[in-house]
Amino acid sequence: MPDQALDSVTSRQKAKTFTILLVEDSASDTELLLNAIEEADLKAIKGDIDFEVRSSAEGALQALAERPIDLVLTDMMLPGIDGLDLVAKIQEIDRNLPVLVVTRVNEVPAAVDALRRGAYDYVLKPVNPDDLGMRLHRAIRISEILRRNTLYERVMQQELTENGLVGVSEAHRQILSRVREAVQGRAPVLIVGETGTGKGLIARMIHAESEERDKPYQVIDCTTLPEGMAESELFGHVRGAFTGAIADKPGLIELANGGTAFLDEIGDLPLPLQAKLLRVLEDNEVRPVGGTRIKRVDMRFIAATNQDLEEKIKTGAFRKDLFYRLAGIVIRVPPLRERPEDIPVIARHLVGQFGRELGKPDCALEPAALTELSTYSWPGNVRELRNVVERAVMLASGDRIGRSDVKVLLPESRKAQSAMDFSGYVSDTYEQGRKKILAEFTNAFLKAKLALYAGNVGKAAEHSGMTRQHFSFLMKRFLD
């Protein structure tokens, strides 16, 4: 659907009144809650706030059937259907509707049970306006995100299904706009973003949407080109060019002829090869190692990097002319922590994908689980989110994935666990167990370093006492 259509429905959405349903059977407690909410001064809302008040769960369910509700605040102790059952019924009606339960201190176990059933949060009586305001602000934010996601999924579902790139943020829309621009021609494309942000997916999408979609798509990982053999890998060689060259061999660039060559982590390409690559871009020719004949090639080049190439140009580590030749169209992909509104829709998209793959098509994330995911910093970006969601679906015993199901998979929670349990290695040989523990340690170590330096691989590698190439190699091996 065109961007204008989404802009239109989004503008209508922004003008919509935000409605909070308050369910409380005590008139005095209702007044206290409304006064506390007024004192909390909910300024985060775009537009007006409206309240719908009901004294029973039955009345609340009737209100839900009569008008759109954006947030529910309900007491635990209600006549007839209690607050716990009301939470369960609301979840059956709309899993994306955040519910806050209000409870007294001695009712906390029941409130925790409500969280397990899908409630977003709980508030203790007597209500503290500051505490209530903080919790309502968070609930309002997640409600707005979920509402926007629902709208987005409705008007853009076909596009999401076709290209696999999902999101609702302005940054995401700008990425899609640049992708559409890129597929119109064959200008070189430079994709810039932290590790795990989906640069490879964007490159593949550009190829898949271009006229060359049926031609070769060759991925060239510049961090793993073998030392001493990089030129041969890229440009090929002729028989007898060096010891072991027993036959002519085409290079990776030549193998992409007619299609697309994706140069992943171009910032790690050695300077001598940068000059040779520039000649390919300018003249559409490759010369194999040891060869005298030039081969003509014709392809699109897409490059990606998680480094600041302009800074590398200043230090002489990257050629300015190559940078400008590659940067015909630049697509900048912000890290996930800078576009948290994309996290719920990406997570839900992934749950649907893994649910189908793992035979759990009805699996879904509860609002509280989406909030837990949305407040995590994601140093590994979409790649890390993908891994967490896949494990959550795999481990889910039912159709619902709750806050505790995802929280236990996040590093902060695992860090709080007690000393390492070695019982899981008793059936392994020493070497097998050692490799497993090393892999777990390396995974945690890399994530911690990336989090410490906000995803800057160069600084993380330097602080780790290893080269950037080695650090990148470990990331590809242990964080994928």
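Look up a bit, the structure's there.
Throughout this document, residue positions are counted from 1 along each chain, in the order its sequence is written. Reporting in this predicted model follows two pLDDT cut-offs: at least 70 for local features of residues, and 80 or more for side-chain atom pairs to be given and counted; totals over whole chains, interfaces and linings ignore these cut-offs and use all residues. Heavy atoms throughout the structure, all of them, feed into the side-chain values; hydrogens and water do not.

A word on the sheet that holds strand β1 (residues 18-23)
Picture the strands of a sheet paired through backbone hydrogen bonds; they go either parallel or antiparallel.
No. 1: Sheet architecture is open: five strands sit in the order β2-β1-β3-β4-β5, paired in parallel fashion. If you trace the sheet from one side to the other, it starts and ends with β2 (49-54) and β5 (121-125), each paired once. Taking the axes of each pair of neighbouring strands and ignoring which way they run, one obtains an average angle of 20° across the sheet.
No. 2: Here, strands pair whenever DSSP counts at least two bridges between them. Secondary structure elements are defined from DSSP: runs of H or I of at least 4 residues count as helices, runs of E of at least 2 residues count as strands, and each element is numbered from the N terminus. Sheet topology note: the β1/β2 ladder contains six bridges and is parallel. Looking at β2, one finds that L22 is bridged to V53. Axis geometry follows a simple rule: fit a line to the C-alpha atoms, using only the stretch in contact for helices, then measure angles between N-to-C directions, giving values from 0 to 180 degrees.

Description of a nonpolar patch on the surface
No. 1: Each patch is built from salt-bridge-free residues with over 30% relative accessible area, joining like charges within 9 Å and nonpolar side chains (Val, Leu, Ile, Met, Phe, Trp, Tyr) within 5 Å. Accessible areas in this description were obtained via Shrake-Rupley with a 1.4 Å probe; residue shielding takes into account the shown protein chains only. For this analysis, a salt bridge means a side-chain nitrogen from Lys or Arg found within 4 Å of a carboxyl oxygen belonging to Asp or Glu. Judged by side-chain polarity, L358, M394 and L395 come together as a nonpolar surface patch covering roughly 310 Å² of accessible area.
No. 2: On the secondary structure map, L358 appears in the loop between α14 (342-357) and β15 (364-365).
No. 3: Only protein chains enter the area calculation, which uses a 1.4 Å probe; residues under 20% of their type maximum are buried, those over 50% are exposed, and those in between are partly exposed. Relative accessible area serves as the criterion here: at 38%, L358 is assigned to the partly exposed category.

Thoughts on the sheet that holds strand β14 (residues 329-333)
No. 1: The sheet built from five strands is open, its strands ordered β7-β10-β13-β6-β14 with parallel pairing. Every interior strand has two partners, whereas the edge strands, β7 (217-221) and β14, have only one. Across the sheet, the axes of successive neighbouring strands diverge by a mean angle of 15°, strand direction being ignored.
No. 2: Sheet topology note: the strand β10 (residues 260-264)/strand β13 (residues 300-305) ladder contains four bridges and is parallel. If you follow L263 over to β13, its bridge partner there is A303.

Here we look at the nonpolar core
No. 1: I253, I266, L277 and F301 are the most contacted members of the largest nonpolar core, which has 32 residues in total.
No. 2: Among the elements of the structure, β6 (189-193), α9 (230-235), α10 (252-255), β10, α11 (271-283), β13, α12 (309-314) and α13 (320-326) are those that each provide at least two residues to this core.
No. 3: Take this core: its biggest share by element is five residues, from α11.
No. 4: In this description, contact between two residues means that some pair of their heavy atoms is separated by no more than 4.5 Å. Look past the residues within four positions of I253 in its chain and what remains in contact with it is I220, L234, F235, L277, V280, V286, M299 and F301.
No. 5: We call a set of buried Ala, Val, Leu, Ile, Met, Phe, Trp, Tyr and Cys residues a nonpolar core when their side-chain atoms join them within 4.5 Å. Listed in part, the 27 residues of the second largest apolar core include V345, L385, V388 and L409.

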